Amino acid sequence: MATVSSSMNIVLFGYQGSGKSSSCISIIGQEEFHGTQPTKEPLLCTKTLDCKKLTLVDTPGWNLEDDNAVAMEKLDGESYTSAHIRHLCYPGVHTLLLVIPIGEPFTERHRQGMVERLETAGTDVWKFSMVLFTGADRLWGNGVEEFIAEGGSALQRLVERCRNRYHALDNTCSENSTQVRELLQKVEDMVQENEGSFFMMDDGIRAPWSGQIPEREVGMITSDVVSPIFRSPPRELRMVLVGWQGAGKSSAGNVILGGRRFESGCRTEVSSRQQAYVSGWRITLVDTPGWDWFSFRRTPVHVRKEIKRGARLLHPGPHALLLVIPVISTLTSRKRRALENHLEMFGEEASLHTIVLFSCGDWLGCTPIEEHIQRDGGQYLNLIEHCLNYYHVLDSATATRGQDQVTELLLKVEEMVAQNEGRPFLPVKLNEEQEDEAMCGKCALL
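Notes on the structure in this doc start here. (Residues numbered from 1 in each chain as written. Predicted model: local features only at pLDDT ≥ 70, side-chain atom pairs only at ≥ 80, totals over all residues. Heavy atoms only, no water.)

Overview of the sheet that holds strand E5 (residues 129-134)
Here comes step 1: An order of E2-E3-E1-E4-E5-E6 is seen for the six strands of this open sheet, with the pairing classed as mixed. Pairing within the sheet leaves two strands with one partner each, and these edge strands are strand E2 (43-49) and strand E6 (166-169). For this sheet, the mean angle separating the axes of adjacent strands, direction not counted, is 25°.
Here comes step 2: Bridging between E5 and E6 involves four bridges; their strand directions are parallel. Note on E6: the bridge partner recorded for Leu132 is His167.
Here comes step 3: Running at roughly 165° to strand E3 (residues 52-58), helix H1 (residues 20-28) makes contact with strand E1 (7-14), E2, E3, strand E4 (95-101), E5 and E6 of the sheet.
Here comes step 4: Of the strands in this sheet, E1, E2, E3, E4, E5 and E6 touch helix H6 (residues 177-193), which is tilted by about 165° from E6. (Pairing = 2+ DSSP bridges. Helix = DSSP H or I, 4+ residues; strand = E, 2+ residues; numbered from the N terminus. Axes fitted to C-alpha atoms, helices over the stretch in contact; angles between N-to-C directions. Contact = heavy atoms within 4.5 Å.)

Here's the deal with the environment of Thr55
Here comes step 1: One can find Thr55 in strand E3.
Here comes step 2: The class of Thr55 is buried, set by a relative accessible area of 5%.
Here comes step 3: Separated by 38 residues in sequence, Thr55 and Val93 place their C-alpha atoms 9.4 Å apart.
Here comes step 4: Beyond its immediate stretch of four places on either side in the chain, Thr55 contacts Met8, Asn9, Ile10, Leu44, Cys45, Thr46, Leu88 and Cys89.
Here comes step 5: At a separation of 3.5 Å, a polar atom in the side chain of Thr55 contacts the side chain of Asn9. (Buried < 20%, exposed > 50% of the residue type's maximum accessible area, 1.4 Å probe, protein only. Polar contact = N/O pair within 3.5 Å; in protein donor to acceptor, adjacent residues only side chain to side chain.)

Printed below as a string of structure tokens:
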């Protein structure tokens, strides 16, 4: 089994005109990558970033017209072999980026052609694949998640096949290093998730490939040694951070993900999604804007919509809501009812999928969390009973203790998922103010 190395080997695949070469320029830099002409053969470029050797291979674009049997003999522009790519990326590929342009239709024909090409290289290819959207400047202020949601079933199925790993690049702004570093961080997370193993492309594969089942998959695997790429995937947990304004949701999210992924110390205005590989789980976490402390009615409509949109970023739905409450806060009956009313934004079953997450746990000192729950006239106890007695405390005072508590939290979430028979719950649709106004009618101003 390979270990995580100081190198990162990436190959870009996609149809002609998808923006592969432009993406290489954005990632590597204009001065080091010359992609002004259509790529005729695999093109290698390397660069050292943060003491890590980055190897990037651009490949000739696929022709959509060659996706059918009639055109299979027209391989002049697509006759490179996987052995060529493997030679450039020796000893193997860490990540395959499937490049798809934003603003152009992605049909079922596109998806099938892409799947056939990749799976001929090995069905385990999806463990090493990520969708790279180009043309992020065309989003016009919307999130890439909204583009995926509105892009049709073919696009959604491809993203799901890649285990919901994706990134968007604005190639008109190649000097924006932040978007490149975010991409490379996602690649690094994938490398860790795959335990540092490589994807070994099969010999003699040509693009486009026939889509026939390779001979190696017809028989049984007889070797006693099973490659890491055939191991079962890590467990996946999708969660949403919700709670009051200033409750510390972003900071709690950073503790869970093991790094500064969310901007903390300032008000969250827009829901954002981050991923990391944590203690054997692939964690997808969404941070949301905070709601009002005292009343559902006082939370602006646009904030409620943004919070609900955050849950939609976790297709097909979140496994858990993490209701973040600072352990130093007092809880009155009015605050408790406001919390319960806000949870109802996600539907009647929201309480079955909610864990009360106490932040700032180091404030407790030697006081057990159970003793703290008994205070404030039992309001915390009532809230936890509403959430079927799922709660946890997060102490970020020390890294080791914080990591242990994160593992304990994920085990509790997994237990709750099992209690719910593994089903994610589907948040309510973002339909508009009539729903919110009806909700307001039920929630009296307390």
